[in-house]
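# Examining the three-dimensional arrangement
The lines below spell out each chain.
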Amino acid sequence: MRGTAAPVIAWRYLISKKSHSAVGAISAVSICGMAVATAAIICVLSVFNGFRDVIASRLDAMSPDIMVTPAKGKVFSNPDSVAEVLSAMDGISLVMPSLTDNALAICGNREMPVTIKGVNMQSYRKLTALDSLLLSNSTEAEALSNSTEAEALSNGAEAGAEAKENAEAKAEAYLSIGAASGLASTPGQEMLLFTPRRIGRVNLSNPAASFITDSVTVADVFRTDQSEFDENLVIIDIDLARNLLQYDNEASALEILTDKKIASEKITTAIESKLCEKFIVKDRMQQQEMNFRMISIEKWVTFLLLFFILIIASFNVISSLSMLVIEKQKSISTLRAIGFSTRGIGSIFFWESIFVTSCGGIAGILLGVSLTLLQQHFGFIKLQGDPSTLTVASYPVILNPTDILVTLIPILAIGIATAFITAAFARSRSRATTGTITETC
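Quick look at the structure, then. (Residues numbered from 1 in each chain as written. Predicted model: local features only at pLDDT ≥ 70, side-chain atom pairs only at ≥ 80, totals over all residues. Heavy atoms only, no water.)

### Observations regarding helix α10 (residues 238-245)
In plain terms, the rule: With a 1.4 Å probe rolled over the protein chains alone, any residue whose accessible area is under 20% of its type maximum counts as buried; one over 50% counts as exposed, and the rest are partly exposed. Numbering of helices and strands runs from the N terminus; a helix is a DSSP stretch of H or I covering at least four residues, while a strand is a stretch of E covering at least two. Definition of a polar contact: a pair of N or O atoms within 3.5 Å, with one able to donate and the other able to accept a hydrogen when the atoms are protein atoms, and with sequence-neighbouring residues admitted only if both atoms are side-chain atoms.
Across the eight residues that make up α10, a large majority, six, are buried. Among the residues making up α10, those that are buried are Ile238, Leu240, Ala241, Arg242, Leu244 and Leu245. At the N-terminal end of α10, a side-chain oxygen is found 3.0 Å from the backbone nitrogen of Asp239, two or three residues along, and the residue is Asp237. The first or second residue beyond α10 is Gln246, which carries a positive phi of 60°.

Given below as structure tokens:
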């Protein structure tokens, strides 16, 4: 009976009016401290989830569902035969070879090193969202066009109009926003691509013969808001890329579009078993493993820092409960007189600590969840800058139930630790009270 009475007495101590207002105020402050620290953990973890989702959504636009690359070397032979084998597997909708390497691009009086990616444009449009990323009809493309055309005129370049007339006769290239800005090029202009010869000797008397050159027409400019794709990428036809790089039918990767009804992990495992160890198979997340790993590391390092703040907030709980023990000294004497043991007195304040920590933790979780959902659906907190130029206008947040469970773990640990400390202090005060009564008698 006394064991079941301890939580009831502890709850009455929690909700009863304190004889000293300072004790009640300190208890309220300690509960608020726990609530604020807990809410901060929920909100911060949700922000990292939001940024991770933003990056993942950008990767959906240009990254294939699954990419197969050679385990050794830069390229592999007979990609069409491998693609034919993979296309026959369940859950695979499209397999496209691609060839990626470095080159030098020259447009007018501008030149810069670029990464050329050779693809089958018809398949690439199905595999990625390239068409939705083109800037042909956007205000940004118009501004880029105005600035680059003005610079071309100032430098005496007159090839733009001629390139537009011959656009249909030349191979086309799609430039990333970084490559277009660096080369000051606009759709319709002619651009030269240079690659060093892989086969043959270098002729020192004619260094230009050491390069393979071809011209392309800038078809359009795209922007993904991902530095990996926007920095210097130039997309061309795979036959042109093979000609520039002196390959016959080799490819550097196979890019795969999967059926969304089947889990990507299941298809990846099936491809790995089919191709053995000659190839490396990566799903969309594994292709950007470094970016997601950095976000994950930052997320949990921040969680640890907030966890230490939560520990500091728990000191207020210990101090307020210690003052409550002192305030309830007469009540402790009464409980001892009616037969409560020292352990029983400790259990009362053990439950008192659990209740205080639980109130702070639950209040913090409710507060954090409420703030996160409000931001997630209404976006009250905006990012600084011009909204028209920002990818995301407000702080992206996504509430993950797993984060709530993870937050509960330190709250429970702190609650149990503070409960044992408070119970030990209450037992020591109970023994002191018993000794004083004995001496008086």
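Next comes the rest of the description.
### What about the environment of Leu306?
To be explicit about the condition: Every residue pair with non-hydrogen atoms within 4.5 Å of one another is taken to be in contact.
As for its placement among the helices and strands, Leu306 is situated in helix α13 (residues 289-327). Contacts of Leu306, omitting those with residues within four sequence positions, involve Ala40, Ile41 and Val44.

### Examining the nonpolar core
Which entries qualify depends on this criterion: Here, nonpolar core refers to any group of buried Ala, Val, Leu, Ile, Met, Phe, Trp, Tyr and Cys residues whose side-chain atoms link them within 4.5 Å.
If you look at the biggest cluster of nonpolar residues, it comprises 31 residues, and the most contacted ones within it are Leu310, Leu335, Ile345, Ile348 and Phe349. Mapped onto this core, the elements with two or more residues apiece are α1 (2-15), α2 (21-62), α13, α14 (329-337), α15 (342-378) and α16 (401-440). With eight residues, α13 is the largest single contributor of residues to this core. Residues in contact with Ile345, not counting those within four places in the same chain, are Ile332, Leu335, Arg336, Phe340, Ala426 and Ser430. Formed by 28 residues, the second largest nonpolar core is a distinct cluster that contains Val234, Ile238, Leu240 and Tyr247.

### Side note on the packing of α14 against α15
Stated precisely, the cut-off is as follows: Lines fitted to C-alpha atoms define the axes here, with helix axes fitted over just the stretch in contact, and angles between the N-to-C directions of these axes take values from 0 to 180 degrees. By the definition adopted for this analysis, an angle is roughly parallel if under 35 degrees, roughly antiparallel if over 145, roughly perpendicular if from 65 to 115, and oblique otherwise. In this scheme the crossing of two helices becomes right-handed for a clockwise turn of the near helix relative to the far one and left-handed for an anticlockwise turn of less than a right angle. Under the scheme applied here, ten amino acids are nonpolar (Ala, Val, Leu, Ile, Met, Phe, Trp, Tyr, Cys and Pro), four are charged (Asp, Glu, Lys and Arg), and all others, including Gly, are polar.
Where α14 contacts α15, the axes come no closer than 10 Å and their chain directions differ by 135°. As the angle between them shows, α14 and α15 are arranged oblique. Considering how the two elements wind past one another, α14 and α15 form a crossing that is right-handed. On the side of α14, the interface is formed by Ile332, Leu335 and Arg336, while α15 contributes Thr342, Ile345, Ile348 and Phe349. Taken together, the residues of the contact of α14 with α15 sort by class into five nonpolar, one polar and one charged.

### Topic: a nonpolar patch on the surface
Formally: For patch detection, residues must exceed 30% relative accessible area and be free of salt bridges, and they are connected within 9 Å for like charges or within 5 Å for nonpolar side chains (Val, Leu, Ile, Met, Phe, Trp, Tyr). Under the convention used here, a 1.4 Å probe and the Shrake-Rupley method define accessible areas, while residue burial counts only the protein chains that appear. Should a side-chain nitrogen of Lys or Arg be within 4 Å of a carboxyl oxygen of Asp or Glu, the pair is scored as a salt bridge.
Together, Phe51, Leu367, Leu371, Leu374, Phe378, Phe380, Ile381 and Tyr395 give the surface a local cluster of nonpolar side chains, amounting to about 780 Å² of exposed area. Sort the elements by how many residues they give to the nonpolar patch and α15 lands first, with four residues. As for its placement among the helices and strands, Leu367 is situated in helix α15. Classification of Leu367 by relative accessible area gives partly exposed; the value is 39%.

### Topic: the layout of surface pockets
Rules: Each cavity reported here is a set of points on a 1 Å grid over the protein atoms alone in which a 1.4 Å probe fits but cannot get out, each pocket an open set with protein on both sides within 12 Å along at least five of seven lines, and each lining residue one with an atom within 4 Å of a point. Grid points are joined across faces, edges and corners, and a volume is the space filled by probe spheres set on the points.
For the largest pocket, the calculated volume is near 500 Å³. If you go around the largest pocket, you meet 22 residues; those closest to its centre are Met67, Thr100, Lys117, Glu228 and Glu255. For the lining of the largest pocket, the element with the most residues is strand β1 (residues 66-70), which contributes three residues. Considering only residue class, the lining of the largest pocket consists of seven nonpolar, ten polar and five charged.

### Considerations on the environment of Asn316
For Asn316, the position within the fold is in helix α13. For Asn316, a relative accessible area of 34% puts it in the partly exposed group. Asn316 sits 285 residues away from Ile31 along the chain, and the two C-alpha atoms are 8.5 Å apart.

### Observations concerning the packing of α13 against α15
The interhelical angle for the contact between α13 and α15, taken along N-to-C directions, is 140°, at an axis separation of 11 Å. One finds that α13 runs oblique with respect to α15. When you trace α13 past α15, the crossing you get is right-handed. Contacts between α13 and α15 involve Val317, Leu321, Leu324 and Val325 from the first element and Phe349, Glu352, Ser353, Val356 and Thr357 from the second.

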